[in-house]
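Structural features, examined
The residues making up each chain are set out below.
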Amino acid sequence: MDRKEAEPIPLSQFGRPALEVSIDAAKRAGEIIKERFLTDKEVRFKGRADIVTDVDLAAERVILDLVQSEFPQFSILSEESSPIETGSPYTWVIDPIDGTRNFAEGIPHFCVVVALARGSDVVMGVTYDPIKEETFTALQGEGAWHNGEPLSVSDRQEIPQCVLGFDLGYYDDKAATALDMIRSLWPGFQTMRLLGSSALGMAYAAAGRLDLYFHHSLSPWDSASGLLLAREAGGNVVDRQGQDANLFTPSVIVSSQTLIDRFLEATEGLAWRDG
């Protein structure tokens, strides 16, 4: 997919670029998360399988304090807090821990998301894995990187060659159709991975670690940075019907456009595609 040309993002009131502030915020939160990993946590259920910990809240607070001090004029959309509307065209989109269940269970696969959107269009994204110290970054029109090295989506051409990634989410009926779809495709692909962090799943697809990642029901903070990472890495993100996804699109298929087209062909008529 062609990269979009973007107008420059304003500097912070202290003269710092938004990407620099975002990386700083993600790493400050990551320090708290890493320190509390494998320690006792306070866990609260938001739904049958949807949890939040006291560490999510502490990490979110650190991020919010920094981005609000640097860019007080920007709106905020963060998973664990009420939205803040300022009238600005820019909105911070934040997930302090994407993969909280992994974090709470002692599984070292989760990340911090700090992204910036202009309307429904993500213009900057950071996905930070504090355990592996991996920083995935993207700026609209300027590329995507992993720890400073350029990212590129998979160059495989056919689904039978591919490693597929997905997650089940919190909607049981939609998760069931995803499992049915995988069963219908098998053995028409190499293998699959359920990751427990959609933001890392999308980052891994942008990096070519997964050939294709899909999910049926994401919130903006889950997909924000991944949308831009994939596109700036030469790929695309579409919904279940094959239409270009944006910040508020629940379903995503992430890969090169070639593999997206092959996946849509292979899954035509299946229930997951129709939801």
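As shown above, the structure is provided for reference.
Residues numbered from 1 in each chain as written. Predicted model: local features only at pLDDT ≥ 70, side-chain atom pairs only at ≥ 80, totals over all residues. Heavy atoms only, no water.

Notes on the sheet that holds strand β10 (residues 163-166)
Strand order across the open sheet formed by five strands is β11-β10-β12-β14-β13, with mixed pairing between neighbours. At either margin of the open sheet sits one strand with a lone partner, and together these are β11 (191-194) and β13 (236-238). With direction set aside, neighbouring strand axes in the sheet form an average angle of 20°. Sheet topology note: the β13/strand β14 (residues 252-255) ladder contains three bridges and is antiparallel. (Pairing = 2+ DSSP bridges. Helix = DSSP H or I, 4+ residues; strand = E, 2+ residues; numbered from the N terminus. Axes fitted to C-alpha atoms, helices over the stretch in contact; angles between N-to-C directions.)

Quick notes on the sheet that holds strand β8 (residues 143-146)
Read from one edge to the other, the open sheet built from seven strands follows the order β3-β4-β5-β6-β7-β8-β9, with strand pairing classed as mixed. Both edges of this open sheet fall to β3 (75-78) and β9 (149-150), since each of them pairs with a single strand only. Judged from the seven bridges that link them, strand β5 (residues 111-118) and strand β6 (residues 121-129) form a sheet pairing that is antiparallel. Paired with Leu-116 across the bridge in β6 is Met-124.

Observations regarding the packing of aromatic side chains
All told, the structure shown has twelve aromatic pairs when counted by the stated rule. One aromatic cluster in this structure is built from Phe-71, Phe-74, Tyr-90 and Trp-92. A cation over a ring is seen here: Lys-41 above Phe-103, with NZ or CZ 4.9 Å from the ring centre. Over the ring of Trp-272 we find Arg-240, and its NZ or CZ is 5.6 Å from the ring centre. (Phe/Tyr/Trp six-rings, centres within 6.5 Å; stacked < 30°, edge-to-face > 60°. Lys NZ or Arg CZ within 6 Å of the ring centre and 35° of its normal.)

Overview of the packing of helix α1 (residues 18-36) against helix α2 (residues 54-70)
Put simply, α1 and α2 touch, their axes get as near as 9 Å, and they point 160° apart. Here α1 is positioned roughly antiparallel relative to α2, judged by the angle of their axes. When the axes of α1 and α2 are compared, the crossing they make is right-handed. Residues Val-21, Asp-24, Ala-25, Arg-28, Ala-29, Ile-32, Ile-33 and Arg-36 of α1 touch α2, and the partners they reach there are Asp-54, Val-55, Ala-58, Ala-59, Val-62, Ile-63, Leu-66, Val-67 and Glu-70. When the residues that make up the contact of α1 with α2 are grouped by side-chain class, the tally is twelve nonpolar, no polar and five charged. (Parallel < 35°, antiparallel > 145°, perpendicular 65-115°, else oblique. Left-handed = near helix turned anticlockwise from the far one by under 90°. Contact = heavy atoms within 4.5 Å. Nonpolar A, V, L, I, M, F, W, Y, C, P; charged D, E, K, R; others polar.)

Re helix α4 (residues 172-185)
Compared with the 20 Å implied by 1.5 Å per residue over 14 residues, the 20 Å span of α4 between its first and last C-alpha is a close match. Against the buried residues of α4 lie β10, β11, β12 (212-215), α7 (257-266) and α8 (271-274). (Expected span 1.5 Å × (residues − 1).)

Bear in mind that shape data such as this cannot, by itself, settle questions of function.
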